[in-house]
Protein chains: 2
Amino acid sequence: MKASKKNFAKKISVDYGASLSGAIGAGGLSEGDLSKISAFVKNAVKKLNARRASGEVGFAELPDDLKNASDIKKYADKLKGKCRHFAVLGIGGSALGPRALIDALAPSFYNMRDLAGRGGRPRIIIADNISPEFVKGIFDIAPVSDTVFNVITKSGTTGETLSIFSAALAMLKKKTGESWKKHIVITTDPEKGYLREFARKNGIDSFPIPSNVGGRFSTLSSVGLLPAAVAGIDIKKLLKGASDAEKICFQEALLSNPAALYAAVHYLFYKKGRRINVFMPYEEKLATVSDWFAQLWAESLGKKKDLKGKDVFVGPTPVKAKGVTDQHSQLQLYTEGPQDKVVTLLSVEDIDSFKVPKMGDFIFGGRDIAELFKAEEAGTALSLTEASRPVVTIKMPKVSVEYVGQLIMMLEAATAIYGEMLGINTFDQPGVEYGKVIAKKILAGAGKVQSNRGNKYRV
Amino acid sequence: MKASKKNFAKKISVDYGASLSGAIGAGGLSEGDLSKISAFVKNAVKKLNARRASGEVGFAELPDDLKNASDIKKYADKLKGKCRHFAVLGIGGSALGPRALIDALAPSFYNMRDLAGRGGRPRIIIADNISPEFVKGIFDIAPVSDTVFNVITKSGTTGETLSIFSAALAMLKKKTGESWKKHIVITTDPEKGYLREFARKNGIDSFPIPSNVGGRFSTLSSVGLLPAAVAGIDIKKLLKGASDAEKICFQEALLSNPAALYAAVHYLFYKKGRRINVFMPYEEKLATVSDWFAQLWAESLGKKKDLKGKDVFVGPTPVKAKGVTDQHSQLQLYTEGPQDKVVTLLSVEDIDSFKVPKMGDFIFGGRDIAELFKAEEAGTALSLTEASRPVVTIKMPKVSVEYVGQLIMMLEAATAIYGEMLGINTFDQPGVEYGKVIAKKILAGAGKVQSNRGNKYRV
């Protein structure tokens, strides 16, 4: 095997050259490391494909549902000029996916633009916390009579989401009378749950989340597509990009599959003690892709038990960063601190530019801003490799709807492949359930709980 | 020594009870561990105090400069009704500090409120990246003729900041003619540098950053105070809070000093192999305090060499999180993944509330939202300790301007004390300089650079 840089024509690619020992010294990988692992990776991809074939795992099929995308686009286009605010009530994947899409693909500062600057489309407000002042703030800036609430919860039982929804519902009924139903659109399980029933009974618009798609893998379902379409993003092109990536990201041959390559490089470094993956997009518009990725990676791969029920306490820790901003924040630690990290640079090849005007003897005056930006990115990559820190670069030809679709599918596939390599269940989240149980006990028991270990909590 | 919970009347406190072996089992600390380290900590605080006395380190003196705060308040109040946008051109500490203050203390969704909702004050736009589309977006939403640009760079040479400034300046001269000078306010070194000279020559309003205060410790200087005051935040009360914390955070006795306690607990766990500090405020308004803290912690403590010049490659990794949101994202990893983390919960005791309306058989209907919020926080804390993960809680009585002032001073002091314990220079950042050198080489050499190690980069 050769060629550390895998290019896929007009596609996202993964370049692991800066993680090889030739670039970073003894702590780096060799091409032999990749060769040795290729059969293991192949087997992991096979297992994942078997899960797909059995219908257990549905995220990779999402790009095929063009009918749903059409329905969503119709609904979204009708909102144009009809309301000024679109509030997404969702948490976890139901918030992180929509936010990443809108930040990446709607005009910069979308919500701060006036109506014309938004092409007549509503602001998108994402309500993913229940801090009381935050929730009140939402109702301050988005009067219910001028707002459509998109309630997103697959199970129909997410406490945070339903709490805000019930507050919105009470206000809607008071302020808009009979037309309250037009101010709600529900994204939930196609068949089951309280919200599905609520939508049916009241004739409320709704879109499905397929039952074999979990929250953190749901960005390309109605969860992400509806808010994105409302903001004017071309969701069919998004799915086209995802579909293009799907064709290469489930291939068994390591060097033909950027998702497998990304997973394999991180797996190898994890085994060498590098348990932190710093995910650093060089492009402000992709900054919240880091938040989305952090959930995907952390919740999928952080597991106590493997598939055989053995305690493994495994999981790489994703750290969010962004360039060039965090060169002035976290880079010091990444170049000089402990050798416990791999840095993922998400690099955009073709970025927009403008000329920096001359000013005094300012050394960048007269240069293209894109040139400065790219030089800083290169400076970061080189200062990391000089300090023997591995860098993996995901290269996006540009920030377009197709490539963002590719990126999402690629990273989802990479996560699922990595999960198979670790021998864990990528798709469950037992660790978050215990906290919910305790919270409910506290609420039931007048604020007093004693845990198994004897720890007490009073509110 | 007893009492794991140190209370300071009407002050921020640090509760390390949930990191003791009684709470989390064998991996926890004992009160004996704290006793044993107290002389070492005392010595670290002494060294820090000697640096303060010599004038080398200035951040702890910032609350005393009430004259500067008065000048800033006067300037800020004059802007009310005069311009609709206030653009902060700064990066690193010059952006993270102002953002944390405004998010914490201005009304939620400040920038999305209308003029009346902002009390007649300008929006605050923070320009801390040079992605071309992001920069263009700033000029789209903030037309220069209705904007004041606050250029913040201590050295007066920060390339990113000056690039945006030179673009703004060219536009201002074109659009506002002779009055361009009124659209600029400069925050920089009191004596030196290009911007100080520029301000002098052109009679432009300016505020000082004391020369012994570094970027990441500058939030309580003009850097943070000016944008905060423009948003209507009472900066004198902020400084009062910081001053209250200063009185206790440089004391030598471990159990009387919450900053020393916070540093000591983290130091002990770092030595036990827990190198990741998850910083998780439970309050949406404090979410970007995490970003600010991540820079403070990473850039101050991530160092290759100790003060004797020996290679140590030391530094805890800060990870940003927020409650309740990230219960649905990263908590799975924190409770089930590797035992390599300490979780800091930043807990607000007194939060606002409203009653969740009843809806169907929704179990939280009729409850106070604050009760739900607090139960979730408790659920998180208990699910971590049950899984033998140490938790340190910083308790804030409420989110008020005084307590935010306390919090900033406390965390700055904790960082500086931790740095002394590690025997490193908390206040430099040699690792970020190398990247800048490479970037300049690339710009000078037509996009081609070969590094010491033989790595090449082309743009």
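Treat the numbers as computed from the prediction; the structure is a model and nothing was measured.

Conventions we followed
Residues numbered from 1 in each chain as written. Chains lettered and ligands numbered in written order. Predicted model: local features only at pLDDT ≥ 70, side-chain atom pairs only at ≥ 80, totals over all residues. Pairing = 2+ DSSP bridges. Helix = DSSP H or I, 4+ residues; strand = E, 2+ residues; numbered from the N terminus. Axes fitted to C-alpha atoms, helices over the stretch in contact; angles between N-to-C directions. Contact = placed C-beta atoms within 7 Å. Expected span 1.5 Å × (residues − 1). Buried ≥ 20, exposed ≤ 12 C-beta atoms within 10 Å, placed from the backbone. Core = buried A, V, L, I, M, F, W, Y, C linked by C-beta atoms within 7 Å. pLDDT = per-residue confidence, 0-100. Least-squares fit on C-alpha atoms with pLDDT ≥ 70 in both. Right-handed = clockwise from strand over helix to strand, strands pointing away. Nonpolar A, V, L, I, M, F, W, Y, C, P; charged D, E, K, R; others polar. Domains from an automatic or database assignment.

Residue and element names in this part refer to chain B. Taken in spatial order, the 5 strands line up as β4-β3-β5-β6-β7 in an open sheet, and their pairing is parallel. Either end of the sheet is taken by a strand with one partner, and the two such strands are β4 (123-127) and β7 (205-208). Pairs of neighbouring strands in the sheet enclose a mean axial angle of 20°, with direction left out of account. Of the strand pairs in this sheet, strand β3 (residues 85-89) and β4 are connected by 5 bridges, and their pairing is parallel. Bridge pairing in β4 places histidine 85 opposite arginine 123. Relative to β7, helix α3 (residues 66-79) is tilted by about 145°, and along the sheet it contacts β3, β5 (147-152), β6 (184-188) and β7. Against the sheet, helix α4 (residues 93-105) engages β3, β4 and β5, with an angle of about 150° to β4.

All names here are of chain B. In this model, helix α10 (residues 258-271) (14 residues) spans 20 Å end to end at C-alpha, consistent with the 20 Å of a helix rising 1.5 Å per residue. Within α10, 13 of the 14 residues are buried, which leaves the element mostly enclosed by the surrounding structure. Trailing α10 by a residue or two, glycine 273 shows a phi angle of about 95°, which is positive.

Residue and element names in this part refer to chain A. Taken together, the 5 strands give an open sheet; going across it, the order is β4-β3-β5-β6-β7, and neighbouring strands pair in parallel fashion. Where the open sheet ends on each side, the last strands, each with one partner, are β4 (123-127) and β7 (205-208). Going from strand to strand, the sheet's axes swing by 20° on average, the running direction of each strand aside. Against the sheet, helix α4 (residues 93-105) contacts β3 (85-89), β4 and β5 (147-152), and its axis sits at roughly 150° relative to β4.

Counting 322 residues, the largest nonpolar core has Ala264(A), Ile417(A), Ala264(B) and Ile417(B) as the members making the most contacts within it. When neighbours within four sequence positions are excluded, Ile417(B) is seen to be in contact with Ala44(B), Val45(B), Leu48(B), Ala259(B), Ala260(B) and Ala263(B).

With that settled, the discussion passes to the confidence of the model for chain A. All names here are of chain A. The predicted model of chain A averages 94 in pLDDT, with 95% of residues at 70 or higher. Here residues 1-9 scores under 50 on pLDDT; set against residues more than four positions off or in separate chains, the count is 20 contacts. With a pTM of 0.96, the predicted complex shows an ipTM of 0.95.

Next up on the list: the relation of the copies chain B and chain A. Of the transformation superimposing chain B on chain A, the axial component is 0.0 Å and the angular component is 180°, with the fit at an RMSD of 0.0 Å. Both copies are brought into coincidence by an operation consistent with a two-fold rotation axis. Here 100% of the interface residues in chain B have copies in chain A that are interface residues too; the copies meet face to matching face.

It is worth spelling out the pairing of strand β12 (residues 341-348) of chain A at this point. All names here are of chain A. Extensive coverage of β12 is indicated by the burial of 8 of its 8 residues. By the alternation rule, side chains of β12 split into Lys341, Val343, Leu345 and Ser347 and Val342, Thr344, Leu346 and Val348, which are all buried. Of the pairings in the sheet, the one linking strand β8 (residues 276-282) to β12 comprises 7 bridges and is parallel in character. The residue bridging valine 278 from the neighbouring strand is valine 343, located in β12. Bridge count for β12 against strand β13 (residues 391-396) is 6 bridges, and the pairing is parallel. Its bridge partner lying in β13, leucine 345 is registered against threonine 393. A crossover links β12 with its parallel partner β13, the connecting element being helix α13 (residues 369-386), and its sense is right-handed.

To continue, consider unusual backbone geometry. A cis amide bond links Gly323(A) to the next residue, Val324(A), at an omega of -5°. By the secondary structure assignment, Val324(A) is in the loop between β11 (317-320) and α12 (331-336). Phi is positive for Phe313(B), which is not a glycine, with a value near 45°. Here Phe313(B) shows up in strand β10 (residues 311-314). The exposure class of Phe313(B) is partly exposed, given the 15 C-beta atoms found within 10 Å.

Our focus in this paragraph is the interface of chain B and chain A. By a widely used convention, the size of an interface equals the accessible area lost when the partners come together. Between chain B and chain A, the residue contacts involve 109 residues of the former and 109 residues of the latter. Here the side of chain B that touches chain A gets 16 residues from one element, more than from any other, and that element is helix α13 (residues 369-386) of chain B. Of the residues contributing to the side of chain B that touches chain A, the split by class is 49 nonpolar, 36 polar and 24 charged.

The next subject is the pairing of strand β13 (residues 391-396) of chain B. Residues and elements named next belong to chain B. Of all 6 residues in β13, 6 are buried, a share of seventy percent or more. Where burial is concerned, the two faces of β13 agree: the one with Val391, Thr393 and Lys395 and the one with Val392, Ile394 and Met396 are both buried. Where strand β2 (residues 13-15) meets β13, 3 bridges bridge the pair, whose relative direction is antiparallel. Within β13, the position partnered with serine 13 by the bridge is lysine 395.

With that settled, consider the domain arrangement of chain A. Split into domains, chain A comes out as domain 1 (5-51 + 239-428), domain 2 (59-233) and domain 3 (432-459). Between the C-alpha centres of domain 1 of chain A and domain 3 of chain A the distance comes to 38 Å.

This brings us to the environment of Arg274(A). Residue and element names in this part refer to chain A. Tracing the sequence through the fold places arginine 274 in the loop between α10 (258-271) and β8. Separated by 111 residues in sequence, arginine 274 and threonine 385 place their C-alpha atoms 15 Å apart. Among all residues touching arginine 274, those that are not within four sequence positions of it are Phe269, Asp340, Lys341 and Val342.

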